[in-house]
Amino acid sequence: QVQLVESGGGLVQPGGSLRLSCAASGSLFSIYAMGWYRQAPGKQRELVARITSGGSTNYADSVKGRFTISRDNAKKTVYLQMNSLKPEDTAVYYCRAEHPVFDDYWGQGTQVTVSS
């Protein structure tokens, strides 16, 4: 069982930065790939960034060069550094623990609003 708790969301002006954190419980954090997803009102949830247990990363085209995903296995935490934020980045951001054998887990989400 893995529980995920996101934090770090808020209101930021266009061009600003935020860092999201997702803290995990459980002893198997290091074997999970971790993903950040987002869902804007009226839209489907989409993958923003993902990091494997080995540290390989991939990003949605819309955030490449602006967002960076990282993980600290000792702290059981995954981060999403978001720079040069745009109004279209406004969404609820969720983290997800993914594994090909074990169940996947979702956090409760954190709201990010980019507005002047």
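Structure report, in brief. Quick caveat, the model's predicted, so the values are computed rather than measured.

Scanning the protein chain from N- to C-terminus turns up 0 helices and 11 strands. Listing each helix as α and each strand as β along the protein chain from the N terminus yields β-β-β-β-β-β-β-β-β-β-β. The buried share of the protein chain, taken over its 116 residues, is 41%. A fraction of 54% describes how many contacts in the protein chain between residues 6 or more apart in sequence connect residues 24 or more apart. If the 12 positive side-chain charges of the protein chain are averaged to one point and the 9 negative ones to another, these points end up 4 Å apart.

Below, the discussion takes up the pattern of salt bridges. For the structure on display, the rule yields 7 salt bridges. Arg96 is the partner of Glu98 in a salt bridge, and the nearest nitrogen-oxygen pair spans 3.7 Å. By relative accessible area, which is 9% here, Glu98 ends up buried. Among the salt bridges present, the one from Asp104 reaches Arg96, with a minimum N-O distance of 2.6 Å.

For the structure on display, the rule yields 1 disulfide. With its sulfur 1.9 Å from that of its partner, Cys22 forms a disulfide with Cys95. Every disulfide takes its handedness from the sign of the S-S torsion; for Cys22 and Cys95 that torsion is 50°, giving right-handed. Here Cys22, found in strand 3 (residues 18-24), pairs with Cys95, found in strand 9 (residues 91-98); they are 73 residues apart in sequence, far enough to count as distant. Taking the relative accessible area as the measure of exposure, Cys22 reaches 0% and is therefore buried.

On to the pairing of strand 3. By the criterion of burial, strand 3 is predominantly enclosed, with 5 of the 7 residues buried. Bridge count for strand 1 (residues 4-7) against strand 3 is 4 bridges, and the pairing is antiparallel. Its bridge partner lying in strand 3, Leu4 is registered against Ala24. Direction of pairing for strand 3 relative to strand 8 (residues 77-82): antiparallel, over a ladder of 6 bridges. In the strand pairing of strand 8, Leu18 is matched with Met82.

Now for the side chain of Ser21. Relative to the assigned elements, Ser21 resides in strand 3. Non-local contacts of Ser21, meaning those with residues more than four positions away in its chain, are made with Val5, Glu6, Ser7, Trp36, Thr77, Val78 and Tyr79.

As a further point, take the nonpolar core. Membership of the largest hydrophobic core comes to 30 residues, with the highest contact counts inside it found for Leu4, Met34, Trp36, Leu80, Met82 and Tyr93. Secondary structure elements with two or more residues in this core: strand 3, strand 4 (33-39), strand 5 (46-51), strand 7 (67-72), strand 8, strand 9 and strand 11 (110-114). Sequence-distant contacts of Leu4, that is, excluding residues within four places in its chain, are made with Cys22, Ala23, Ala24, Met34, Cys95, Arg96, Ala97, Tyr105, Trp106, Gly107 and Gln108.

What follows concerns a nonpolar patch on the surface. On the surface, Leu28, Ile31, Val101 and Phe102 cluster together into a nonpolar patch covering about 350 Å² of accessible area. Secondary-structure assignment places Phe102 in the loop between strand 9 and strand 10 (105-106).

The rules we used
- Residues numbered from 1 in each chain as written.
- Predicted model: local features only at pLDDT ≥ 70, side-chain atom pairs only at ≥ 80, totals over all residues.
- Heavy atoms only, no water.
- Helix = DSSP H or I, 4+ residues; strand = E, 2+ residues; numbered from the N terminus.
- Buried < 20%, exposed > 50% of the residue type's maximum accessible area, 1.4 Å probe, protein only.
- Contact = heavy atoms within 4.5 Å.
- Lys, Arg positive; Asp, Glu negative; His and termini not counted.
- Charge placed at Lys NZ, Arg CZ, Asp CG, Glu CD.
- Salt bridge = Lys/Arg side-chain N within 4 Å of Asp/Glu carboxyl O.
- Disulfide = S-S within 2.5 Å.
- Pairing = 2+ DSSP bridges.
- Core = buried A, V, L, I, M, F, W, Y, C linked by side-chain atoms within 4.5 Å.
- Patch = residues over 30% accessible without salt bridge, like charges linked within 9 Å, V, L, I, M, F, W, Y side chains within 5 Å.
- Areas by Shrake-Rupley, 256 points an atom, 1.4 Å probe, with all protein chains shown as cover.

Function cannot be read off these values alone, since they describe shape.
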